[in-house]
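Residue-level structure breakdown
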Amino acid sequence: MDGVILLNKPAGITSFDAVRQLRRIFHEKKIGHTGTLDPEASGLMIILLGKYTKILPYCVSDHKRYHATFSLGKATDTEDIWGSVINEKEPSFHSEEELENACVLMRGTISQIPPMYSAIKKDGRKLYEYARKGIEVEREARTVEISELEVRRTGENTFTMDACVSSGTYIRTLIVDYAAKLGELACMTSLVRNGIEHLSLDDACTFEDLENGKGFIDPLSVFDPSFKQMELVQEKKIRNGMKLQMNGTGDKILFVENNEPVAVYEKQDDGFYHCVRGLW
């Protein structure tokens, strides 16, 4: 079966478990997704079935929106409440002004060191494989973009964080680094991904919805907006992957026919548009 789905993944299952359930529902082995969610996190996942797995590299990935909760006073090895406590410190009270000032310091382009409990690979092994054996390895800092960041107090030592971030940003680590700006320890207590670019969790489906025949969306709606969508021209050349000469169309083009993606082209140094991938 071919299709594109916005899934509302429930907390308590891995992204792999979610895909496995979808294979059962749709009897389709070829399923991909555009970004994992931690097992205890819930929210929006873009799911691609059948032939649409080809479009995965061209789907929206930046400006991911999250709603998280966290508490001050404890640090854990996983940076969330599901890990083991490794440090404790009685937190101080922080005014709204202090909370906002810390947000200001975290907005924009920042460096982030990925957490040990992550799927990033080091020397061929995932970091969490080292972490589970009690081994901590050196990780290179990565540049991430924090477009929006708001923190609100909900209790004596409990807070919410709403953030819009670039792909590859770890919200657990963002919370820990934010708390460090206040001179505090922190750990995340919940996480929901509620948007990616223009896509919203409000439009996502549950497994029950999908069981009842709901859920498929327009495949063109999940494409990265940096690709200009154009109706198919010079069809023979495009379907044969030949280079094109075009004017005033931007550097990236998604050719479309009957609301279906046909091919991705990008402008190269020679001035021609070259086929990156056929999608039919």
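Data block above holds the structure.
Residues numbered from 1 in each chain as written. Predicted model: local features only at pLDDT ≥ 70, side-chain atom pairs only at ≥ 80, totals over all residues. Heavy atoms only, no water.

1. Considerations on the sheet that holds strand β16 (residues 260-267)
What counts here: In this scheme, strands are said to pair when DSSP sees at least two bridges between them. Put simply, DSSP H or I for four residues or longer makes a helix, DSSP E for two residues or longer makes a strand, and each gets a number counted from the N terminus. All axes are obtained by fitting lines to C-alpha atoms, using only the stretch in contact for helices, and the reported angles, taken between N-to-C directions, cover 0 to 180 degrees.
Pairing is mixed in the open sheet, where four strands are placed in the order β14-β15-β16-β17. Of all the strands in the sheet, the pair left with one neighbour each is β14 (228-231) and β17 (273-278). For this sheet, the mean inter-axis angle between neighbouring strands, taken without regard to orientation, is 35°. Note that β16 and β17 share five bridges and pair antiparallel. Pairing of Val-264 across the sheet is with Arg-277, part of β17.

2. Regarding unusual backbone geometry
What counts here: Burial here depends on accessible area, computed with a 1.4 Å probe over protein chains only, as a share of the maximum for the residue type. Under 20% is buried, over 50% is exposed, and the range in between is partly exposed.
You will see that His-27, though not glycine, has its phi angle at about 55°, which is positive. With respect to the element layout, His-27 can be found in the loop between α1 (15-26) and β2 (31-33). Given a relative accessible area of 72%, His-27 falls into the exposed group. A positive phi angle, near 50°, is found at Glu-197, a position not held by glycine. Tracing the chain through its elements places Glu-197 in the loop between β12 (186-196) and β13 (199-200). The class for Glu-197 is partly exposed, based on a relative accessible area of 25%.

3. Some remarks on the nonpolar core
Selection criterion: We define a nonpolar core as any set of buried Ala, Val, Leu, Ile, Met, Phe, Trp, Tyr and Cys residues linked to one another through side-chain atoms lying within 4.5 Å.
Of all hydrophobic cores here, the largest spans 43 residues; its most connected members are Leu-7, Phe-70, Ile-171, Leu-174 and Tyr-178. Counting residues in each nonpolar core, the second largest holds 22 residues, with Ile-196, Ala-204, Leu-220 and Val-222 among its members.

4. Structural notes on helix α2 (residues 96-106)
Heads up, the rule is: Working definition: the arc comes from the directions between the helix axis and the C-beta atoms, pointing outward to the latter. For this analysis, residues touch if any pair of their heavy atoms sits within 4.5 Å.
Turning to α2, its buried residues are Leu-99, Ala-102, Cys-103 and Met-106. The buried residues of α2 occupy one face: seen down the axis, they fall within an arc of 105°. Those residues of α2 that are exposed and angled more than 90 degrees off the buried face are Glu-97 and Leu-105. Looking at the buried side of α2, the elements it contacts are β7 (108-112), β10 (142-153), β11 (158-165) and α4 (171-181). With its phi angle positive at about 95°, Gly-108 sits one or two positions after the end of α2.

5. Observations concerning the packing of α2 against α4
What describes two packed helices is the angle between their axes and the distance between those same axes. Heads up, the rule is: Should an angle fall under 35 degrees it is taken as roughly parallel, and over 145 as roughly antiparallel, whereas 65 to 115 is taken as roughly perpendicular and any remaining angle as oblique. Definitions for this section: a left-handed crossing has its near helix turned counterclockwise from the far helix by less than a right angle. A right-handed crossing has that turn clockwise. Residues are grouped as follows: Ala, Val, Leu, Ile, Met, Phe, Trp, Tyr, Cys and Pro are nonpolar; Asp, Glu, Lys and Arg are charged; all remaining types, including Gly, are polar.
Packing of α2 against α4 leaves a shortest axis separation of 9 Å and a crossing angle of 125°. With respect to α4, the element α2 is oriented oblique. Considering only the axes of α2 and α4, their crossing is right-handed. Counted together, Leu-99, Ala-102, Cys-103, Leu-105 and Met-106 of α2 and Leu-174, Asp-177, Tyr-178 and Lys-181 of α4 form the full contact between these two elements. Among the residues making up the contact of α2 with α4, the classes are represented as seven nonpolar, no polar and two charged.

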